[in-house]
Amino acid sequence: MINIENNLKIVRANLNALEQKYHRKPGSVTLLAVSKQQSFTKMKQAFLAGQRAFGESYLQEALEKIQLFQQEKINHEIEWHFIGGIQRNKTRQIAEHFAWVHSLDDAMIAKRLNEQRPTHAPRLSICIQVNISQEPTKSGVVFDEVFALAEYCYTLPQLHLRGLMAVPSLQHDFAKQRESFHTLFLLWQALREKGFALDTLSMGMSDDMEAAIAEGATIVRIGQAIFGERIK
Ligand SMILES: *Cc1c(COP(=O)(O)O)cnc(C)c1O
(Lines give C-alpha, C1' and ligand atoms only; values in the text may rest on other atoms or scores of the structure.)
Protein backbone atom coordinates (compact mmCIF):
# COMPACT_ATOMS: atom_id res chain seq x y z
CA MET A 1 0.00 0.00 0.00
CA ILE A 2 1.14 3.49 -0.77
CA ASN A 3 2.23 5.60 2.18
CA ILE A 4 1.46 9.25 1.46
CA GLU A 5 3.03 10.55 4.64
CA ASN A 6 6.27 8.77 3.84
CA ASN A 7 6.23 9.90 0.20
CA LEU A 8 5.72 13.49 1.31
CA LYS A 9 8.63 13.21 3.71
CA ILE A 10 10.86 11.94 0.92
CA VAL A 11 9.77 14.63 -1.55
CA ARG A 12 10.22 17.41 1.02
CA ALA A 13 13.65 16.10 2.03
CA ASN A 14 14.63 15.89 -1.63
CA LEU A 15 13.38 19.43 -2.22
CA ASN A 16 15.36 20.77 0.74
CA ALA A 17 18.50 18.95 -0.41
CA LEU A 18 18.12 20.43 -3.91
CA GLU A 19 17.71 23.95 -2.49
CA GLN A 20 21.07 23.46 -0.80
CA LYS A 21 22.72 21.85 -3.80
CA TYR A 22 21.80 24.74 -6.10
CA HIS A 23 22.38 27.49 -3.54
CA ARG A 24 18.73 28.39 -3.27
CA LYS A 25 17.55 30.01 -0.08
CA PRO A 26 16.11 27.43 2.38
CA GLY A 27 12.33 27.48 2.04
CA SER A 28 12.37 29.37 -1.27
CA VAL A 29 10.72 26.49 -3.17
CA THR A 30 7.09 25.70 -2.31
CA LEU A 31 5.68 22.23 -2.76
CA LEU A 32 2.33 22.14 -4.56
CA ALA A 33 0.77 18.68 -4.21
CA VAL A 34 -0.94 17.89 -7.51
CA SER A 35 -3.94 15.78 -6.54
CA LYS A 36 -5.76 15.53 -9.88
CA GLN A 37 -7.15 12.06 -10.45
CA GLN A 38 -6.23 11.10 -6.90
CA SER A 39 -8.69 10.09 -4.23
CA PHE A 40 -9.97 12.26 -1.41
CA THR A 41 -8.62 9.66 1.02
CA LYS A 42 -5.09 10.18 -0.26
CA MET A 43 -5.50 13.94 -0.11
CA LYS A 44 -6.71 13.71 3.45
CA GLN A 45 -3.60 11.71 4.33
CA ALA A 46 -1.46 14.43 2.78
CA PHE A 47 -3.39 17.05 4.72
CA LEU A 48 -2.83 15.16 7.98
CA ALA A 49 0.88 15.04 7.10
CA GLY A 50 0.91 18.84 6.95
CA GLN A 51 0.35 19.52 3.24
CA ARG A 52 -1.85 22.58 2.62
CA ALA A 53 -1.38 23.59 -1.05
CA PHE A 54 -3.14 21.33 -3.57
CA GLY A 55 -3.23 21.58 -7.36
CA GLU A 56 -6.18 20.41 -9.45
CA SER A 57 -6.68 20.29 -13.23
CA TYR A 58 -10.32 19.32 -13.64
CA LEU A 59 -12.92 21.66 -12.20
CA GLN A 60 -15.73 19.19 -11.52
CA GLU A 61 -13.42 16.81 -9.72
CA ALA A 62 -11.92 19.67 -7.72
CA LEU A 63 -15.34 20.98 -6.64
CA GLU A 64 -16.29 17.55 -5.34
CA LYS A 65 -13.13 17.40 -3.25
CA ILE A 66 -13.60 20.95 -1.98
CA GLN A 67 -17.05 19.95 -0.80
CA LEU A 68 -15.65 16.93 1.04
CA PHE A 69 -13.07 19.12 2.78
CA GLN A 70 -15.85 21.56 3.66
CA GLN A 71 -17.83 18.74 5.25
CA GLU A 72 -14.80 17.98 7.41
CA LYS A 73 -14.56 21.68 8.30
CA ILE A 74 -10.95 21.95 7.18
CA ASN A 75 -11.37 23.47 3.74
CA HIS A 76 -10.47 26.95 5.01
CA GLU A 77 -6.99 25.66 5.79
CA ILE A 78 -6.38 24.53 2.22
CA GLU A 79 -4.92 26.67 -0.54
CA TRP A 80 -6.41 25.50 -3.85
CA HIS A 81 -4.43 26.01 -7.08
CA PHE A 82 -6.04 25.54 -10.49
CA ILE A 83 -3.45 24.24 -12.96
CA GLY A 84 -5.54 22.88 -15.85
CA GLY A 85 -7.01 24.22 -19.05
CA ILE A 86 -9.72 26.82 -18.44
CA GLN A 87 -12.98 26.82 -20.37
CA ARG A 88 -14.84 30.08 -20.56
CA ASN A 89 -17.95 28.76 -18.81
CA LYS A 90 -15.89 27.49 -15.87
CA THR A 91 -14.30 30.75 -14.79
CA ARG A 92 -16.86 31.70 -12.14
CA GLN A 93 -16.33 28.61 -10.03
CA ILE A 94 -12.58 28.90 -10.40
CA ALA A 95 -12.74 32.55 -9.30
CA GLU A 96 -14.88 31.59 -6.31
CA HIS A 97 -13.08 28.53 -5.01
CA PHE A 98 -9.39 28.86 -5.82
CA ALA A 99 -6.58 31.02 -4.44
CA TRP A 100 -4.32 30.56 -7.46
CA VAL A 101 -4.58 29.98 -11.20
CA HIS A 102 -1.35 28.78 -12.85
CA SER A 103 -2.74 28.25 -16.32
CA LEU A 104 -3.86 31.64 -17.58
CA ASP A 105 -3.22 31.94 -21.32
CA ASP A 106 -6.04 34.12 -22.60
CA ALA A 107 -7.09 37.74 -22.02
CA MET A 108 -10.82 36.96 -22.13
CA ILE A 109 -10.37 34.39 -19.38
CA ALA A 110 -8.43 36.96 -17.34
CA LYS A 111 -11.24 39.47 -17.75
CA ARG A 112 -13.85 36.98 -16.60
CA LEU A 113 -11.81 35.81 -13.60
CA ASN A 114 -11.38 39.44 -12.56
CA GLU A 115 -15.08 40.20 -12.84
CA GLN A 116 -16.12 37.01 -11.09
CA ARG A 117 -13.65 37.09 -8.22
CA PRO A 118 -15.74 37.81 -5.09
CA THR A 119 -14.88 41.29 -3.84
CA HIS A 120 -14.54 40.11 -0.23
CA ALA A 121 -11.89 37.56 -1.24
CA PRO A 122 -8.19 38.38 -1.56
CA ARG A 123 -6.99 38.96 -5.11
CA LEU A 124 -6.68 35.82 -7.22
CA SER A 125 -3.00 34.93 -7.66
CA ILE A 126 -2.17 34.36 -11.30
CA CYS A 127 0.63 32.78 -13.31
CA ILE A 128 0.68 33.14 -17.06
CA GLN A 129 1.25 29.78 -18.71
CA VAL A 130 3.93 29.99 -21.37
CA ASN A 131 4.19 27.59 -24.29
CA ILE A 132 7.85 27.00 -23.60
CA SER A 133 8.36 24.39 -26.28
CA GLN A 134 6.63 26.70 -28.78
CA GLU A 135 4.59 23.76 -30.02
CA PRO A 136 1.30 24.77 -31.63
CA THR A 137 -0.52 21.85 -29.99
CA LYS A 138 0.45 22.88 -26.47
CA SER A 139 -1.43 25.26 -24.24
CA GLY A 140 0.14 28.46 -23.03
CA VAL A 141 0.92 31.75 -24.73
CA VAL A 142 3.82 32.11 -27.14
CA PHE A 143 6.75 34.27 -26.03
CA ASP A 144 5.74 37.29 -28.09
CA GLU A 145 2.38 37.52 -26.36
CA VAL A 146 3.47 37.17 -22.74
CA PHE A 147 4.27 40.84 -22.23
CA ALA A 148 0.90 42.08 -23.53
CA LEU A 149 -1.04 39.59 -21.36
CA ALA A 150 1.03 40.57 -18.31
CA GLU A 151 0.26 44.26 -18.94
CA TYR A 152 -3.42 43.46 -19.28
CA CYS A 153 -3.45 41.52 -15.99
CA TYR A 154 -1.99 44.58 -14.30
CA THR A 155 -5.11 46.55 -15.23
CA LEU A 156 -7.41 44.02 -13.50
CA PRO A 157 -7.83 44.89 -9.81
CA GLN A 158 -9.02 41.48 -8.60
CA LEU A 159 -6.06 39.64 -10.13
CA HIS A 160 -2.57 39.54 -8.66
CA LEU A 161 -0.06 38.60 -11.31
CA ARG A 162 2.56 36.49 -9.52
CA GLY A 163 4.64 35.01 -12.33
CA LEU A 164 4.99 32.43 -15.05
CA MET A 165 4.25 28.73 -15.40
CA ALA A 166 5.26 26.16 -18.00
CA VAL A 167 4.95 22.47 -18.78
CA PRO A 168 7.86 21.70 -21.14
CA SER A 169 7.57 18.76 -23.50
CA LEU A 170 8.80 15.52 -21.98
CA GLN A 171 12.61 15.37 -21.84
CA HIS A 172 14.68 12.73 -20.10
CA ASP A 173 18.01 14.48 -20.60
CA PHE A 174 18.86 16.63 -17.58
CA ALA A 175 20.73 19.30 -19.57
CA LYS A 176 17.79 19.66 -21.96
CA GLN A 177 15.35 19.92 -19.06
CA ARG A 178 17.47 22.71 -17.60
CA GLU A 179 17.57 24.47 -20.95
CA SER A 180 13.77 24.68 -21.17
CA PHE A 181 13.45 25.96 -17.62
CA HIS A 182 16.26 28.44 -18.15
CA THR A 183 14.35 29.90 -21.09
CA LEU A 184 11.35 30.49 -18.81
CA PHE A 185 13.61 31.97 -16.15
CA LEU A 186 15.06 34.47 -18.65
CA LEU A 187 11.60 35.53 -19.76
CA TRP A 188 10.60 35.97 -16.11
CA GLN A 189 13.70 38.10 -15.49
CA ALA A 190 12.96 40.21 -18.56
CA LEU A 191 9.47 40.95 -17.23
CA ARG A 192 10.87 41.84 -13.83
CA GLU A 193 13.32 44.21 -15.46
CA LYS A 194 10.40 45.87 -17.22
CA GLY A 195 8.84 46.57 -13.82
CA PHE A 196 6.51 43.66 -13.20
CA ALA A 197 6.76 42.64 -9.53
CA LEU A 198 6.82 38.89 -10.08
CA ASP A 199 7.75 36.48 -7.29
CA THR A 200 6.71 33.13 -8.76
CA LEU A 201 8.16 30.67 -11.25
CA SER A 202 5.89 27.63 -11.32
CA MET A 203 7.89 24.86 -12.97
CA GLY A 204 9.00 21.31 -12.31
CA MET A 205 7.01 18.10 -11.88
CA SER A 206 7.85 14.66 -10.47
CA ASP A 207 10.29 13.83 -13.26
CA ASP A 208 12.07 17.15 -13.69
CA MET A 209 12.01 18.74 -10.26
CA GLU A 210 15.79 18.91 -9.92
CA ALA A 211 16.28 20.78 -13.20
CA ALA A 212 13.51 23.22 -12.27
CA ILE A 213 14.98 23.98 -8.85
CA ALA A 214 18.40 24.41 -10.42
CA GLU A 215 16.90 27.04 -12.74
CA GLY A 216 15.02 29.03 -10.14
CA ALA A 217 11.59 27.44 -9.62
CA THR A 218 9.69 28.88 -6.65
CA ILE A 219 6.78 26.41 -6.90
CA VAL A 220 7.19 22.79 -7.98
CA ARG A 221 4.02 20.92 -8.90
CA ILE A 222 4.41 17.33 -7.77
CA GLY A 223 1.77 14.65 -8.26
CA GLN A 224 2.79 11.04 -8.70
CA ALA A 225 5.89 11.21 -6.50
CA ILE A 226 3.51 11.96 -3.61
CA PHE A 227 0.29 10.13 -4.51
CA GLY A 228 1.43 7.34 -6.81
CA GLU A 229 -0.11 6.59 -10.18
CA ARG A 230 -3.23 8.49 -11.12
CA ILE A 231 -6.57 6.69 -11.36
CA LYS A 232 -8.69 6.88 -14.56
C1 LIG B 1 -0.39 16.54 -13.66
C2 LIG B 1 0.36 17.80 -13.60
C3 LIG B 1 1.47 17.95 -12.75
C4 LIG B 1 2.03 16.83 -11.88
O5 LIG B 1 2.64 15.86 -12.63
P6 LIG B 1 3.39 14.61 -11.93
O7 LIG B 1 4.15 13.99 -13.04
O8 LIG B 1 2.33 13.73 -11.37
O9 LIG B 1 4.29 15.17 -10.87
C10 LIG B 1 2.10 19.20 -12.71
N11 LIG B 1 1.66 20.22 -13.46
C12 LIG B 1 0.60 20.11 -14.29
C13 LIG B 1 0.19 21.30 -15.08
C14 LIG B 1 -0.07 18.92 -14.38
O15 LIG B 1 -1.12 18.82 -15.22
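Just above sits the structure.
Before going into details, it helps to say that this report is about the structure given with it. (Residues numbered from 1 in each chain as written. Predicted model: local features only at pLDDT ≥ 70, side-chain atom pairs only at ≥ 80, totals over all residues. Heavy atoms only, no water.)

### Overview of the packing of aromatic side chains
Where we set the bar: Working definition: rings of Phe, Tyr and Trp (its six-membered ring) pair if their centres are within 6.5 Å, and the pair is stacked with planes under 30 degrees apart, edge-to-face with planes over 60 apart, and tilted otherwise. To qualify as a helix, a DSSP run of H or I must reach at least 4 residues; to qualify as a strand, a run of E must reach at least 2; elements of each kind are numbered from the N terminus. We call a residue buried when its accessible area falls under 20% of the maximum for its residue type, exposed when it is over 50%, and partly exposed in between, using a 1.4 Å probe and counting protein chains only. To sit over a ring, a charge needs its Lys NZ or Arg CZ within 6 Å of the ring centre and within 35 degrees of the ring normal.
With the rule as written, the count across this model stands at nine aromatic pairs. With 5.3 Å between their ring centres and 85° between their planes, Phe82 and Phe98 make a pair best called edge-to-face. With Phe82 in strand S3 (residues 79-82) and Phe98 in the loop between helix H4 (91-97) and strand S4 (100-104), this residue pair connects regions lying 16 residues apart in the sequence. Here Phe82 and Phe98 have matching classes, each one buried. Joined through ring pairs, the aromatic side chains of Phe40, Phe47, Phe54, Phe69 and Trp80 make up one cluster. Over the aromatic face of Phe47 sits the side chain of Arg52, whose NZ or CZ is 3.7 Å from the ring centroid.

### What about the side chain of Gln38?
Put simply, the rule reads: Only heavy atoms matter for contacts: two residues are in contact if any of them lie within 4.5 Å across the pair.
Locating Gln38 in the fold gives a position in the loop between strand S1 (30-34) and helix H2 (40-48). Excluding its chain neighbours within four sequence positions, the residues that come into contact with Gln38 are Glu61, Lys65, Phe227, Gly228, Glu229, Arg230 and Ile231.

### Examining the site of the ligand
The line we're drawing: Being near a molecule or strand, for a residue, means having at least one of its heavy atoms within 4 Å of it. Here a polar contact means two N or O atoms within 3.5 Å. Within protein one must be a hydrogen donor candidate and the other an acceptor candidate, and residues neighboring in sequence count only if both atoms are side-chain atoms.
Near the ligand, the surroundings consist of 13 residues, among which Lys36, Ser206, Arg221, Gln224 and Arg230 are the closest. Between the ligand and Ser206 there is a distance of 2.5 Å, counted from an oxygen atom to a side-chain nitrogen or oxygen. At 2.8 Å, a backbone N or O of Gly223 approaches an oxygen atom of the ligand.

### A short note on the nonpolar core
Selection criterion: Side-chain atoms within 4.5 Å are what join buried Ala, Val, Leu, Ile, Met, Phe, Trp, Tyr and Cys residues into a set we call a nonpolar core.
With 67 residues, the main nonpolar core has Leu104, Leu113, Leu164, Val220 and Ile226 as its most contacted residues. Membership of the second largest hydrophobic core comes to eight residues, among which are Leu32, Ala53, Trp100 and Met165.

### Overview of the packing of helix H5 (residues 107-116) against helix H6 (residues 143-154)
Operational definition: As a rule, the C-alpha atoms of each element are fitted with a line to give its axis, helices using only the stretch in contact, and angles between N-to-C directions run from 0 to 180 degrees. Orientation categories follow fixed angle ranges, with anything under 35 degrees roughly parallel, anything over 145 roughly antiparallel, 65 to 115 roughly perpendicular, and all other angles oblique. Handedness of a crossing is defined here by the sense of rotation of the near helix relative to the far one, left-handed for an anticlockwise turn of less than a right angle and right-handed for a clockwise turn. Polar here means any residue other than Ala, Val, Leu, Ile, Met, Phe, Trp, Tyr, Cys and Pro, which are nonpolar, and Asp, Glu, Lys and Arg, which are charged; Gly is therefore polar.
One way to put it is that H5 packs onto H6 with a least axis distance of 10 Å and a crossing angle of 15°. One way to sum up the angle between H5 and H6 is to call them roughly parallel. Considering the relative orientation of H5 and H6, their crossing is right-handed. Residues Ala107, Ala110 and Lys111 of H5 form the contact with H6, whose own contacting residues are Leu149, Tyr152 and Cys153. Partitioning the contact of H5 with H6 into residue classes produces five nonpolar, no polar and one charged.

### Digging into the environment of Asn89
Tracing the chain through its elements places Asn89 in the loop between S3 and H4. Residue classification places Asn89 among the exposed residues on the basis of a relative accessible area of 61%. For the pair formed by Asn89 and Ala150, sequence separation is 61 residues and the distance between their alpha carbons is 22 Å.

### Observations concerning helix H1 (residues 4-21)
Operational definition: For a helix, the expected span equals 1.5 Å multiplied by the number of residues minus one. Of all possible arcs, the one meant is that of the directions from the helix axis to the C-beta atoms.
Spanning 18 residues, H1 covers 25 Å between terminal C-alpha atoms, matching the ideal 26 Å at 1.5 Å per step. For H1, the complete set of buried residues consists of Ile4, Asn7, Leu8, Val11, Leu15, Leu18 and Glu19. Looking down the long axis of H1, one finds its buried residues gathered within 110° of arc, a one-sided arrangement. Projecting away from the buried face of H1 at angles above 90 degrees are the exposed residues Lys9, Ile10, Gln20 and Lys21.

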